[in-house]
Amino acid sequence: MRPLILALALALAVPVIALPASATATGPGHGSEHGPQRVQDLRDLARKLRINIGSAVDVAVLRAEPDYKARLNREFDHLTAENAMKWESVEPERGVYTWQDADEVVRNARRNGQQVRGHTLVWHNQLPAWLTTGVENGTIGATELRQILRDHITTQVRRYKGQVRAWDVVNEAFDEDGTPRQTIWLTHLGPGYIADAFRWAHRADPHAKLYLNDYNVEWNVPKIEATLTLIKQLQAQRVPIDGMGFQGHLGIQYDYPGDWANVMRRFADLGLEIAVTELDVRMVLPVTPEKLATQADYYGRALSDCLSVRACREFTVWGFTDRHSWVPGWFDGEGSACLLDENLAAKPAYDKLLTTRRVSGR
Ligand code: XIL
């Protein structure tokens, strides 16, 4: 290798150094007579790593459980509404908007110095019944459907203009085999619905970062290739797309997606911002110390992978406590997917994240 290229290669190889929290100094002000500074919590970690660390929020719980709320606001500097910004939540009846829960997330974020990910504008799930039945029985035709989607995106993005850092504009656009998912959007509007959605969102808030978001893109090759191809097509058409979100719903019964950092890099190489948007690491119950150790390893590797790619700037978990997680309700016999247990006590995964140290060059 020629020296210049070698130097470049060395400069770009950014190692992640993981040390015990107590064994290392962290940033300016360290090394006082009290010894090296400990990382206090995830917000402290986020500052030191120069990344945002977020969580999904369940608004009903935010209102009902003060310990949940206090912990959320202590640990996280980025929020995603778990359900409150989905279509069925914001427009359960046609033309009747219910913004209370979505507003609550944005208000909480403003009061606590947190940024917000808007989730999600175009998806095939959690659509209101008036919309799906209208399309099914033919009372809503293609032209009207396109107008409805345009109004929905414009209304919602405008409402939170300047308050939502990033939007998941289109969620889960591909099937596992890399073919476009056959949703009401694709079958009635054609593949152009994706470009339209990004353009409408951009018009409504030109400063918000606009993302594609999907699951299994951490490792599923057909999905990775299809998503990359789509993004290149969108860019060739000058569609305003800014980011790729990796949901990151992992399980320890499967191998850790060991190529994830490289995959992130391929998206980053297209000029995109990267975010881990919905990380959780579930396990087949019962919980054992060994499983918790494996889970900690997965959480730690996910954060290290994100840190190793300069464009990866947000690391969001899909709920932070096993007291409130979607996993038991959706995956039979599985659970314990979060960083804290039901009593908000730290699991090994939480401690593991706190030991992660900054990557040089970040
Ligand atoms: C899930 C929520 O966590 C559940 O409360 C809800 O019942 C179903 O949706 N991918 C996504 C999220 O993009 O919106 C999903 O959230 C989890 C999978």
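The present account deals with the structure reproduced in this document. (Residues numbered from 1 in each chain as written. Predicted model: local features only at pLDDT ≥ 70, side-chain atom pairs only at ≥ 80, totals over all residues. Heavy atoms only, no water.)

## Focus: the overall build of the protein chain
Phase 1 of the analysis: If you tally the helices and strands in the protein chain, you get 15 helices and 10 strands.
Phase 2 of the analysis: Taking 362 residues into account, the globule formula puts the C-alpha radius of gyration at 21 Å, and the protein chain, at 21 Å, falls close to it.
Phase 3 of the analysis: In the protein chain, of all internal contacts separated by at least 6 residues, the share reaching a separation of at least 24 is 77%.
Phase 4 of the analysis: By element, 53% of the accessible surface of the protein chain is carried by carbon and sulfur atoms, the whole surface being about 15900 Å².
Phase 5 of the analysis: Measuring between centres, the 42 positive side-chain charges of the protein chain sit 8 Å from its 45 negative side-chain charges. (Helix = DSSP H or I, 4+ residues; strand = E, 2+ residues; numbered from the N terminus. Rg over C-alpha atoms; globule rule 2.2 N^0.38 Å. Contact = heavy atoms within 4.5 Å. Areas by Shrake-Rupley, 256 points an atom, 1.4 Å probe, with all protein chains shown as cover. Lys, Arg positive; Asp, Glu negative; His and termini not counted. Charge placed at Lys NZ, Arg CZ, Asp CG, Glu CD.)

## Concerning the site of the ligand
Phase 1 of the analysis: Lining the immediate surroundings of the ligand are 14 residues, of which Glu 82, Lys 86, His 119, Glu 278 and Trp 318 lie closest.
Phase 2 of the analysis: Here Glu 172 contributes a side-chain N or O atom positioned 3.3 Å from a nitrogen atom of the ligand.
Phase 3 of the analysis: Here the ligand loses 85% of its free accessible area of 420 Å² to cover by the protein chains.
Phase 4 of the analysis: Across the shell around the ligand, the residue classes tally to four nonpolar, six polar and four charged. (Near = heavy atom within 4 Å. Polar contact = N/O pair within 3.5 Å; in protein donor to acceptor, adjacent residues only side chain to side chain. Nonpolar A, V, L, I, M, F, W, Y, C, P; charged D, E, K, R; others polar.)

## Description of the nonpolar core
Phase 1 of the analysis: In this structure, Leu 131, Trp 167, Val 170, Trp 185, Phe 267 and Phe 315 are the most contacted members of the largest nonpolar core, which totals 105 residues.
Phase 2 of the analysis: Setting aside chain neighbours within four positions, we find Trp 167 in contact with Met 85, Gly 118, His 119, Leu 121, Gln 156, Val 157, Tyr 160, Ala 208, Lys 209, Leu 210 and Tyr 211. (Core = buried A, V, L, I, M, F, W, Y, C linked by side-chain atoms within 4.5 Å. Buried < 20%, exposed > 50% of the residue type's maximum accessible area, 1.4 Å probe, protein only.)

## Topic: the environment of Ala 102
Phase 1 of the analysis: Among the secondary structure elements, Ala 102 is positioned in helix α6 (residues 100–111).
Phase 2 of the analysis: Separated by 53 residues in sequence, Ala 102 and Thr 155 have C-alpha atoms that sit 13 Å apart.

## Brief notes about the pairing of strand β4 (residues 166–171)
Phase 1 of the analysis: Of all six residues in β4, six are buried; the element is thus mostly enclosed.
Phase 2 of the analysis: Across five bridges, β4 lies against strand β5 (residues 209–214) in parallel orientation. Its bridge partner being in β5, Val 170 is matched across the sheet by Leu 212. (Pairing = 2+ DSSP bridges.)

## Side note on α6
Two residues of an α-helix separated by three or four positions point the same way, owing to the 3.6 residues in each turn.
Phase 1 of the analysis: Compared with an ideal rise of 1.5 Å per residue, which puts 12 residues at 16 Å, α6 spans 16 Å between its outermost C-alpha atoms and is within 8% of the ideal.
Phase 2 of the analysis: Looking at α6, one finds that the buried residues are Ala 102, Asp 103, Glu 104, Val 105, Val 106, Asn 108 and Ala 109.
Phase 3 of the analysis: Here the buried face of α6 lies against α3 (59–64), α4 (66–75), β2 (78–81), β3 (115–122) and α8 (142–159).
Phase 4 of the analysis: The positive-phi residue at the C-terminal boundary of α6 is Gly 113, with phi of around 65 degrees. (Expected span 1.5 Å × (residues − 1).)

## As for helix α10 (residues 193–204)
Phase 1 of the analysis: Its 12 residues give α10 an end-to-end C-alpha distance of 16 Å, which sits within 8% of 16 Å, the value for a rise of 1.5 Å per residue.
Phase 2 of the analysis: Burial analysis of α10 places nine of its 12 residues in the buried class, the great majority of the element.
Phase 3 of the analysis: Considered for burial, the residues of α10 that qualify are Tyr 193, Ile 194, Ala 195, Asp 196, Ala 197, Phe 198, Trp 200, Ala 201 and Ala 204.
Phase 4 of the analysis: The inward-facing, buried residues of α10 contact β3, α8, β4, α9 (184–189), β5 and α11 (221–236).

## Overview of the side chain of Lys 347
Phase 1 of the analysis: Summarising the element assignment, Lys 347 is placed in the loop between β10 (334–335) and α15 (348–354).
Phase 2 of the analysis: Beyond its immediate sequence surroundings of up to four residues, Lys 347 is in contact with Leu 292, Gln 295, Asp 322, Ser 336, Ala 337, Cys 338, Leu 339, Leu 340 and Asp 341.

## Some words on the state of the cysteines
Disulfides are covalent bonds that link the sulfur atoms of two cysteine residues.
Phase 1 of the analysis: Per the counting criterion, the structure on display carries one disulfide.
Phase 2 of the analysis: One disulfide bridge connects Cys 306 with Cys 312, the sulfur atoms lying 2.0 Å from each other. Measuring handedness by torsion sign, the sulfur bridge of Cys 306 and Cys 312 sits at about -100 degrees and is left-handed.
Phase 3 of the analysis: Judged by relative accessible area, Cys 312 falls into the buried class, the value being 0%. (Disulfide = S-S within 2.5 Å.)

## Some remarks on the pattern of salt bridges
Phase 1 of the analysis: According to the stated counting rule, one finds 22 salt bridges in the structure shown.
Phase 2 of the analysis: With its nearest N and O atoms 2.8 Å apart, the salt bridge here joins Asp 67 to Arg 323. In this pair, Asp 67 is assigned in helix α4 and Arg 323 in the loop between β9 (312–317) and α14 (327–330), connecting sequence segments 256 residues apart.
Phase 3 of the analysis: Judged by its relative accessible area of 37%, Asp 67 falls in the partly exposed class.
Phase 4 of the analysis: Take Arg 323: its relative accessible area is 27%, and that puts it in the partly exposed class.
Phase 5 of the analysis: The partner of Asp 297 in a salt bridge is Arg 301, and the shortest N-O contact between them spans 3.6 Å. Here Asp 297 and its partner Arg 301 are both found in helix α13 (residues 289–307), four residues apart, which amounts to about one turn of the helix.
Phase 6 of the analysis: Judged by relative accessible area, Asp 297 falls into the partly exposed class, the value being 32%.
Phase 7 of the analysis: Its relative accessible area of 35% is what places Arg 301 among the partly exposed residues.
Phase 8 of the analysis: Sharing partners across several salt bridges, the network here consists of Arg 117, Arg 165, Asp 168, Glu 273, Arg 313 and Glu 314. (Salt bridge = Lys/Arg side-chain N within 4 Å of Asp/Glu carboxyl O.)

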